[in-house]
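Per-entry structural report
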Amino acid sequence: MLKVHDGKTVKRVDIAIAGGGPAGASAAISLSQKGYSVAVMEKSRFENIRYGETLAPKIRHLLMDLGIWKRFLDDNHLKSNGIQSAWGREELFENDFLLNPYGNGWNLDRVRFDAMLLDEAQKKGALVFRGAAWEECSQSGAGEWNIAIQCDGAQHRFQSRFLIDATGRSSSIAKSMGARRIHCDQLIGVAAFFPTPGGTTSHTGYTLIESEENGWWYSAELPQSETVAVFMTDGDLYAGSKKRSPGFWRERLASSVFTKNRFELPKMTANPRAVAANTSIIHPVAGADWLAVGDAALSLDPLSSQGIYKSMESGINAAKSVDGKFRGTGGALRGYSDSIAAAFKSYLNVRRSHYKKVNRWPESAFWRRRS
Ligand SMILES: Cc1cc2nc3c(=O)[nH]c(=O)nc-3n(C[C@H](O)[C@H](O)[C@H](O)COP(=O)(O)OP(=O)(O)OC[C@H]3O[C@@H](n4cnc5c(N)ncnc54)[C@H](O)[C@@H]3O)c2cc1C
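The residue count restarts for each chain, going from 1 along the sequence in the order it is written. Owing to the predicted nature of the model, reporting of local features is limited to residues with pLDDT of at least 70; listing and counting of side-chain atom pairs is limited to 80 or more, with chain, interface and lining totals taken over all residues.

On the basis of which strands lie adjacent, the open sheet formed by 3 strands has the order E13-E19-E21 and antiparallel pairing. Of all strands in the sheet, those bounded by a partner on one side alone are strand E13 (180–183) and strand E21 (298–299). Strands pair, by our definition, only if DSSP identifies at least two bridges between them. By the criteria applied, helices consist of DSSP H or I runs no shorter than four residues and strands consist of E runs no shorter than two, each listed in order from the N terminus. Taken together, the 4 bridges between E13 and strand E19 (residues 280–283) define a ladder with antiparallel strand orientation. Among the inter-strand pairings, histidine 183 is bridged to a residue of E19, identified as serine 280.

Written out as structure tokens, the structure reads:
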């Protein structure tokens, strides 16, 4: 629906979504399936590397719910046999997906995966703006959101009844409404990419996790013959120019037992890059006419390998709650907030029990903080 404001066309939609990653795209697909008009404003054009590539087999049921399982299979992501870990002990332990009722897991070409989800949202009817910059976001007395973005050299104006923050860890929309981000630790991931060596090894098809004195490693083969290796540690332990240098990353790699055998170090395609990977939650998760989904609501330690799954699930649950609100179901948004709080509590327990298994380095600040 269109109307004119200050000589500009204003599009009216039911729901505006900031951010078109897995959470925002899943919410958009789900809301479109329910018959709502949706606009998604995504900052990027999926031009840069994205981190987080391992999907557990159960992702299948979410992709089927969203009606995109077949489309996902067409993209030829790499099948994953399971996870090998040297965590509490120095020996390798294998968690095989062989007997998993959903079959194998997946190692993603993450950019292709995220771009596919947003394409599918568009195909299902969502208005999608890639390369969008937010210029204005305010609420009228009647509760309508007035939004202006710049995209492809033009300004676009919207009015919406509801706003979803799917901007990832930045949670920039929720924060602009006064919500506060609570950080539980300082975990970062320092990631580098390598060509996958030819030939089959005992690690082929497995994600590898390995603990070490100052943190832990994960490495995974990706589609297009690439391998990613990420050193997980605390930001303050990594800080300081000497340690921040690629030399520090290489030194930690050299002291690993298994990870260093998965690729040839001299073939690293670019210097290691650090990204935030800490556990954090936004408070509150929802207001009267807005809510946060995915990492914008709750970001998990990559050790869980659940970030993408949980983000997509929260996008789908958010769509149900917004539908409930529009239909007049009392407490629909409170139910959503409660479900995020409950998920956070149970995740913290699991996280604590995983980290407690490592007691090989009693003097290490990284492990002491988590014991
Ligand atoms: C090192 C590392 C390893 C990880 N490994 C795994 C893994 O193996 N498996 C797993 O499941 N998860 C993993 N994760 C977590 C996973 O990547 C996240 O949980 C997931 O990306 C969250 O999805 P999202 O849509 O909520 O947020 P994001 O993926 O961050 O998407 C947010 C989107 O919003 C856009 N955006 C941001 N700000 C704005 C704005 N102001 N306006 C418009 N658009 C905006 C961004 O461009 C982006 O497209 C890992 C994370 C890290 C850091």
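Having seen the structure, we can now continue with the description.
What surrounds the ligand is a group of 37 residues, the closest being Gly21, Gly52, Gly168, Gly294 and Gly307. The set of elements that each furnish at least two residues to the shell around the ligand consists of helix H1 (22–33), strand E3 (38–42), strand E14 (187–195) and helix H9 (307–326). Element by element, the count of residues in the shell around the ligand is highest for H9, at 4 residues. Of the residues in the shell around the ligand, the class split is 16 nonpolar, 17 polar and 4 charged. For each residue, a C-beta atom is positioned from the backbone; the residue is called near a molecule or strand if that atom sits within 6 Å of it. By the convention adopted, Pro, Cys, Tyr, Trp, Phe, Met, Ile, Leu, Val and Ala count as nonpolar, Lys, Arg, Asp and Glu as charged, and the other residues, Gly among them, as polar.

A cis geometry characterises the amide bond from histidine 283 onward to proline 284, with omega recorded as 0°. Assignment of secondary structure puts proline 284 in the loop between E19 and strand E20 (290–292). Non-glycine residue asparagine 76 carries a positive phi angle of around 55°. Considering the arrangement of structural elements, one finds asparagine 76 in the loop between helix H3 (69–74) and strand E5 (78–80). Asparagine 76 sits in the exposed class, given 11 other C-beta atoms within 10 Å. With C-beta atoms placed from the backbone, a residue is labelled by how many other C-beta atoms lie within 10 Å of its own: buried for 20 or more, exposed for 12 or fewer, partly exposed between the two.

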